Amino acid sequence: MMKNLEKEIREQPVTLAQVRSTNDAALKALIADIKAYGVDNVYISARGTSDHASIYFQYLLGVYVGVPAALATPSVVTAYNGKLKFKNALVIGVSQSGAAADALEIVRRGNESGAITVAVTNNLDSPLAKEAKHHLYCGVGKETSIAATKTFTAQLLLLGYFAAYWADCKELLDALDKVPAAVGTLLDYQPDKVLEMVKRYRFLDNAVVLGRGYNYPIALEGALKILETNRVRMKGYPISDFHHGPIAQVHENDLSIVIAAKGPVLGDAKTIIEKLHGVGSEVLIISDDEETLALSKYNLRLPDIDVEAPATPDVVSVFTAAVTMQLMACKLTDIRDVDPDASKVLNKVTITK
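Thresholds, definitions, all that
- Residues numbered from 1 in each chain as written.
- Predicted model: local features only at pLDDT ≥ 70, side-chain atom pairs only at ≥ 80, totals over all residues.
- Heavy atoms only, no water.
- Pairing = 2+ DSSP bridges.
- Helix = DSSP H or I, 4+ residues; strand = E, 2+ residues; numbered from the N terminus.
- Axes fitted to C-alpha atoms, helices over the stretch in contact; angles between N-to-C directions.
- Parallel < 35°, antiparallel > 145°, perpendicular 65-115°, else oblique.
- Left-handed = near helix turned anticlockwise from the far one by under 90°.
- Contact = heavy atoms within 4.5 Å.
- Buried < 20%, exposed > 50% of the residue type's maximum accessible area, 1.4 Å probe, protein only.
- 1 Å grid on protein atoms, 1.4 Å probe; cavity = no way out; pocket = protein on both sides within 12 Å on 5 of 7 lines; lining within 4 Å.
- Points joined across faces, edges and corners; volume = space filled by probe spheres on them.
- Nonpolar A, V, L, I, M, F, W, Y, C, P; charged D, E, K, R; others polar.
- Expected span 1.5 Å × (residues − 1).
- Core = buried A, V, L, I, M, F, W, Y, C linked by side-chain atoms within 4.5 Å.
- Phe/Tyr/Trp six-rings, centres within 6.5 Å; stacked < 30°, edge-to-face > 60°.

Participant: If you had to explain the sheet that holds strand 5 (residues 134-137) to someone new, which residues and values would you point to?
Facilitator: Read across the open sheet, the five strands follow the order 2-1-3-4-5; overall the sheet is parallel. In this open sheet, the two strands that pair with only one neighbour each are strand 2 (69-71) and strand 5. Here the strands of the sheet are splayed against their neighbours by 20° on average, with no regard to which way each runs. Bridge count between strand 3 (residues 89-94) and strand 4 (residues 116-121): five bridges; the pairing is parallel. Note that in strand 4 the partner of Ile92 across the bridge is Val118.

Participant: Tell me about the packing of helix 11 (residues 216-230) against helix 15 (residues 314-336), residues and numbers included.
Facilitator: Packing of helix 11 against helix 15 brings their axes to within 9 Å, and their N-to-C directions diverge by 15°. The angle between the axes of helix 11 and helix 15 places the two elements in the roughly parallel class. Of the two possible hands of crossing, helix 11 and helix 15 adopt the one that is right-handed. Here Ile218, Gly222, Lys225, Ile226, Thr229 and Asn230 of helix 11 lie close against helix 15, whose contacting residues are Val318, Ala321, Ala322, Met325, Gln326, Met328, Ala329, Leu332, Thr333 and Arg336.

Participant: So what about the environment of Pro74? Which residues, and what values?
Facilitator: Tracing the backbone shows Pro74 in the loop between strand 2 and helix 5 (75-78). Along the backbone, Pro74 and Ala103 are 29 residues apart, and their C-alpha atoms lie at a distance of 7.2 Å. Setting aside anything within four residues of it in sequence, one finds Pro74 in contact with Ser45, Arg47, Asp102 and Ile106.

Participant: Tell me about unusual backbone geometry, and name the residues and values.
Facilitator: Note the cis peptide between Ala309 and Pro310, where omega equals 15°. Looking at the secondary structure, you find Pro310 in the loop between strand 10 (298-301) and helix 15. Positive phi values are uncommon outside glycine, yet Asp168 reaches one of about 55°. With respect to the helices and strands, Asp168 occurs in the loop between helix 8 (150-167) and helix 9 (170-177). Owing to a relative accessible area of 64%, Asp168 belongs among the exposed residues under this scheme. Unlike most non-glycine residues, Arg231 shows phi in positive territory, near 55°. With respect to the helices, strands and loops of the structure, Arg231 is situated in the loop between helix 11 and strand 7 (233-238).

Participant: An account of the side chain of Gln190 is requested, with residue identities and associated values reported.
Facilitator: With respect to the helices and strands, the residue Gln190 is situated in helix 10 (residues 179-198). For Gln190, the contacting residues outside a window of four places in its chain are Leu300, Arg301, Leu302, Thr324 and Leu327.

Participant: Now, about the sheet that holds strand 7: what can you tell me, with residues and values included?
Facilitator: Taking strand neighbours across the sheet as the criterion, the five strands line up as 7-6-8-9-10 in an open arrangement whose pairing is parallel. The open sheet terminates on both sides in strands that have one partner only, identified here as strand 7 and strand 10. For this sheet the average axis-to-axis angle between neighbouring strands, irrespective of direction, equals 15°. With five bridges connecting them, strand 8 (residues 255-259) and strand 9 (residues 282-287) associate as parallel partners. The residue bridging Ser256 from the neighbouring strand is Val283, located in strand 9.

Participant: Pulling in residues and values, what's your account of empty space enclosed by the protein?
Facilitator: If you walk through the whole model with that rule in mind, you get one cavity of 30 Å³ or more. Of the pockets and cavities examined, the largest cavity occupies roughly 50 Å³. In terms of lining, the largest cavity is formed by Arg212, Asn215, Ile239, Ile259, Ala260, Ala261, Val265, Leu266, Ala269 and Asp314. Split into classes, the residues belonging to the lining of the largest cavity amount to seven nonpolar, one polar and two charged.

Participant: Could you give an account of the packing of helix 3 (residues 19-37) against helix 8, with specific residues and numbers?
Facilitator: Running from amino to carboxyl end, helix 3 crosses helix 8 at an angle of 45°, the nearest separation of the two axes being 9 Å. Here helix 3 is positioned oblique relative to helix 8, judged by the angle of their axes. Crossing of helix 3 against helix 8: the hand is right-handed. Between helix 3, through Val19, Arg20, Asn23, Asp24, Leu27, Lys28, Leu30, Ile31, Ile34 and Lys35, and helix 8, the contact on the second element is made entirely by Ala154, Leu157, Leu158, Tyr161, Phe162, Tyr165 and Trp166. Of the residues contributing to the contact of helix 3 with helix 8, the split by class is 12 nonpolar, one polar and four charged.

Participant: Let's hear about helix 11: which residues, and what values?
Facilitator: Compared with the 21 Å implied by 1.5 Å per residue over 15 residues, the 21 Å span of helix 11 between its first and last C-alpha is a close match. A large share of helix 11 lies buried, amounting to 12 of its 15 residues. Positioned one or two residues after helix 11, Arg231 has a phi angle of 55°, which is positive.

Participant: Requested: an account of the nonpolar core, with residues and values cited.
Facilitator: By size, the foremost hydrophobic cluster in this structure holds 91 residues, and its most contacted members are Leu90, Ile92, Phe162, Trp166 and Ile257. Residues in contact with Ile92, not counting those within four places in the same chain, are Val42, Tyr43, Ile44, Ser45, Phe57, Val107, Val118, Val120 and Phe162. Core analysis: the second largest hydrophobic core is formed by 17 residues, Ile247, Ala260, Ile272 and Val283 among them.

Participant: Describe in detail the packing of aromatic side chains, supporting the description with residues and values.
Facilitator: One pass over the structure, following the stated rule, counts seven aromatic pairs. Between Tyr56 and Tyr214, the aromatic rings sit 5.9 Å apart at their centres with planes inclined by 75°, giving edge-to-face as the arrangement. Of the two residues, Tyr56 sits in helix 4 (residues 48-65) while Tyr214 sits in the loop between strand 6 (206-211) and helix 11, which places them 158 residues apart along the sequence. Of the residues examined, Tyr214 reaches a relative accessible area of 7% and is grouped as buried.

See below:
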C-alpha cells in the first residue's frame, strides 16, 4: 500500500499545473496595488518549510525585481512588542495552514501601519487569508502526511510567479511554466533510482545537505524532510558558509549531499565537492549537469530543462531537486520501516507565536 507521503509527492505535476491559473487575477490585482503604493522593501513572516519557500522568493526579488526582502523575526513583535515601521513595505505571511499565529500578528501589524499585506496559504478560510488585504492560494487540496511536499512546491511556484509578474519578466514566466512538466518527467524515473540509492543508507544516522543560490533553501528543506520523516540528524547549509567552519564536522565516510545545478553557482558546487572528497566524505550529487554528476559514483540526475536568459536553469531545477529530496526521505522510510504519516512529536499544524 502506497504511503500518503508518496501519494502526495506524486500528485505534484497536477497540483503545480493549476497554480498560475488559480492566482492570475489575484496576482494582477496585487501587482497593480504594489505599483500604485510604491513598495521598496519586503518583510516576510514564515516558519519551517514556508520559510524555505520564502528564501527562494527572497532571491528572485533581488535578482529580477531589485527589491530587498527581509525574513521576519516575529518575536520582535509577539514577545517584545517591538514597534516595527512598515512605511513603503510589502508585508507577507506565508503559512500552508494559514493558522501561524506569528505570521498573523506580523500581517496584522502591517495592516495597522497601512502597508500592503499578503497571505500565501493553502486554506481560503484561514485566519491569515482573512486578515491580509491580498490572498494567494496554493489550491493543492488537503495534505495529510506530516511532511509538507505538494504544499511546499506550490508555495515555491506561487512565489516564483509573484516575482515574475512583479518584474514583468516573460522569460521567468516561461521558465516557471515548465515546472509541472519537468516534475512529471522526473517522477517517471527518479523514484526507482532513489530507492536503489537509499538502500545503502539504511543505517544512516547523520548527514549534511548543501546548496547555493536558488538551491540553498532546497538544501534546508531536503535536510528537514529526511530529519522529520526518518528521525535522522540532518542539517542543510549554504555552500558558501560550509567552507568557513561547518566542514569540520565531516569525517571519513560521512554522507554529504550536494545539490549542484546548472547556473551561476555551479562552479561553487564543484569546488565543495572536491573539498569533501578531500576529507573522505561520501558525496551524493544531485545535478542536471553530466560533467558534475561524473564527479561521484553516487549521483541522482535531474532532467535538463532549457530556459531563456535572463532566467537561469536553477530557477526551475529547484523544483526537481526538491522533489528528489522528498523522494529520498520517502524511500528511506521504506528501507528503514518508518511510518512517515504519523509522529509522536510532530503535528501537521504547529501554532508558534
